[in-house]
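Listed below, chain by chain, are the residues.
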Amino acid sequence: MGHFIKARSPSPKPSFEHIEDIECLSKTKKKVHDEGTNVVLCFISKMIGLMGVFLAFVVAVTLIISKDASPVNDICHGHMVYYSPVTKHINTSPHHVFLNGGLNITSIYTGSPSTEVDAAWNRTFYDMGVFSLPEREALNAGRHKDDIRIPEGYKYAGEYMACHELPHQLHCVNFLRKAAWVNYPYYKSKRIMEFNSTDKELEHHLNYCIEILRQVLICNADPGAIGYRPVRDYGSPPFPDYDTLCKCGDWGGIVEYAYENQVSGHPTKKPFAPEKQDLV
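Residues numbered from 1 in each chain as written. Predicted model: local features only at pLDDT ≥ 70, side-chain atom pairs only at ≥ 80, totals over all residues. Heavy atoms only, no water.

## Regarding the overall build of the chain
Each helix and strand in the chain was counted, giving 8 helices and 6 strands. Put simply, the chain runs from its N terminus to its C terminus through helices and strands in the order α-α-β-α-β-α-β-α-α-α-β-β-β-α. Buried residues in the chain amount to 21% of all 280 residues. Partitioning the intrachain contacts of the chain with sequence separation of at least 6 by distance along the chain shows that 65% fall at a separation of at least 24. Total accessible area on the chain is roughly 21,700 Å²; 62% of this is exposed by carbon and sulfur atoms. (Helix = DSSP H or I, 4+ residues; strand = E, 2+ residues; numbered from the N terminus. Buried < 20%, exposed > 50% of the residue type's maximum accessible area, 1.4 Å probe, protein only. Contact = heavy atoms within 4.5 Å. Areas by Shrake-Rupley, 256 points an atom, 1.4 Å probe, with all protein chains shown as cover.)

Below, the structure written as structure tokens:
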């Protein structure tokens, strides 16, 4: 009995349509994969950005609450005052100071006229003299190109001559102290400094200082709150409690800078013959 061998069916011929479907599916998968990758990368990028912002915030807060927050304080101080080359040499960190506003307050700067009181005041302004400013620093500080320069024969000759605002303002406070009726006879009799002038000149100087101090106080307006308290032997009306907390700058640093950088010899006392165009 013969055996029959079942013939194999011929292999189907490849269909070009089938190949195109595979390629289309492959491209679709790749496109989906690429889009998914882009979404992931976009998400990662945003997360990195948010982390960067968060870290910057943490660093800023850390600087503010740390003892050495000088970069932040320098920025804040720069927003509050006009540019001065002295700022980078002082401590710009504000510190709390308890202002003694008691009615019986005394200090070395008050009391009856004496050489000791005058010496204390002179150290805060008169003895400082002047310091030098390079041209670029002077112009950045709001000075004028035709301001007077330090003459030959002095340290830093050729640079601009300058002094601080603080001593000028303290000079006016001191002048008001001297001009007070309880002190006036002493200084007038000795004809010391400002009092070596006519009554008319004294009056003009006094009014000048009053106006300068008024402007300075308004410019540095203190928003602090003052409470009221009962005062023994004062009666029933409450009395303002002028003992207050304030945030103060480094005035001691300004004084130190002035003495460390002063031009010795008082060049302001050297005779100066200005040209007609120099007069103001």
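What follows picks up the thread again.
## Remarks on a nonpolar patch on the surface
A cluster of nonpolar side chains, contributed by Phe43, Ile44, Met47, Ile48 and Leu50, occupies part of the molecular surface with about 510 Å² of accessible area. Topologically, phenylalanine 43 is positioned in helix 1 (residues 16–65). (Patch = residues over 30% accessible without salt bridge, like charges linked within 9 Å, V, L, I, M, F, W, Y side chains within 5 Å. Salt bridge = Lys/Arg side-chain N within 4 Å of Asp/Glu carboxyl O.)

## Examining the state of the cysteines
On inspection of all chains with the given rule, the structure shows 1 disulfide. Shown here is the disulfide that connects cysteine 172 with cysteine 209, its sulfur atoms set 2.4 Å apart. Disulfide cysteine 172 to cysteine 209: torsion about the S-S bond roughly -70°, handedness left-handed. Of this pair, cysteine 172 sits in helix 5 (residues 165–179) while cysteine 209 sits in helix 7 (residues 199–219), placing them 37 residues apart in sequence. Each member of the pair, cysteine 172 as well as cysteine 209, carries the same accessibility label: buried. (Disulfide = S-S within 2.5 Å.)

## Re helix 5
One turn of the α-helix equals 3.6 residues, which is why residues spaced by three or four share an orientation. In a regular helix each residue adds 1.5 Å, so 15 residues correspond to 21 Å; helix 5 covers 21 Å between its end C-alpha atoms and thus fits that length. Buried within helix 5 we find Leu166, Pro167, Gln169, Leu170, His171, Cys172, Asn174, Phe175, Arg177 and Lys178. (Expected span 1.5 Å × (residues − 1).)

## Details of the packing of helix 3 (residues 115–124) against helix 5
Between two packed helices, what matters for the description is the angle formed by their axes and the separation of those axes. Orientation of helix 3 relative to helix 5, taken along the N-to-C sense of each, is 155°, at an axis distance of 9 Å. Viewed along their axes, helix 3 and helix 5 adopt a mutual orientation that is roughly antiparallel. Residues Val117, Asp118, Trp121 and Thr124 of helix 3 touch helix 5, and the partners they reach there are Pro167, Leu170, Val173, Asn174, Arg177 and Lys178. (Axes fitted to C-alpha atoms, helices over the stretch in contact; angles between N-to-C directions. Parallel < 35°, antiparallel > 145°, perpendicular 65-115°, else oblique.)

## Focus on the confidence of the model for the chain
Interpretation of the predicted coordinates at a detailed level should be avoided for regions scoring low in pLDDT. Chain-level statistics for the chain give a pLDDT mean of 78 and a share of 73% at 70 or above. Across the chain, the element-wise mean pLDDT spans from 62 in helix 1 up to 93 in helix 7. Long-range and interchain partners of residues 1–7, a stretch whose pLDDT sits below 50, account for 0 contacts in this model, where long-range means more than four residues apart. (pLDDT = per-residue confidence, 0-100.)

## Some thoughts on the pattern of salt bridges
Here the structure, examined in full by the defined rule, presents 9 salt bridges. The partner of glutamate 137 in a salt bridge is lysine 88, and the shortest N-O contact between them spans 2.9 Å. Here glutamate 137, found in helix 4 (residues 135–140), pairs with lysine 88, found in the loop between helix 2 (70–80) and strand 1 (95–99); they are 49 residues apart in sequence, far enough to count as distant. Its relative accessible area of 16% is what places glutamate 137 among the buried residues. Across the pair arginine 177 and aspartate 118 runs a salt bridge, and its minimum N-O distance is 3.0 Å.

## A word on unusual backbone geometry
Backbone geometry places tyrosine 156, a non-glycine residue, at a positive phi of 65°. Summarising the element assignment, tyrosine 156 is placed in the loop between helix 4 and strand 3 (160–162).

## Re helix 8 (residues 251–260)
Among the residues of helix 8, Gly253, Val255, Tyr257 and Ala258 are the ones counted as buried. For helix 8, the elements touching its buried residues are helix 3 and strand 2 (131–133).

## Focus on the packing of aromatic side chains
Tallying each qualifying case throughout the model produces 7 aromatic pairs. Ring geometry for phenylalanine 175 and phenylalanine 195: centres 5.7 Å apart, planes at 50°, overall tilted. Of the two residues, phenylalanine 175 is situated in helix 5 and phenylalanine 195 in the loop between helix 6 (184–190) and helix 7; the sequence distance between them amounts to 20 residues. Just as phenylalanine 175 is buried, phenylalanine 195 falls in that class too. Connected via pairs of aromatic rings, a cluster forms that spans Phe175, Tyr184, Tyr186, Tyr187 and Phe195. In this structure, arginine 123 is placed above the aromatic ring of tyrosine 259, and the distance from its NZ or CZ to the ring centre is 4.5 Å. (Phe/Tyr/Trp six-rings, centres within 6.5 Å; stacked < 30°, edge-to-face > 60°. Lys NZ or Arg CZ within 6 Å of the ring centre and 35° of its normal.)

## Quick notes on the environment of proline 151
One can find proline 151 in the loop between helix 4 and strand 3. Separated by 116 residues in the primary sequence, proline 151 and proline 267 place their C-alpha atoms 7.3 Å from one another. In this structure proline 151 touches Ala157, Met161, Pro267 and Lys270, once residues within four positions along its chain are discounted.

## Section: the side chain of histidine 171
Its place among the elements puts histidine 171 in helix 5. Excluding residues within four positions of it along the chain, histidine 171 makes contact with Phe125, Glu194, His205 and Cys209.

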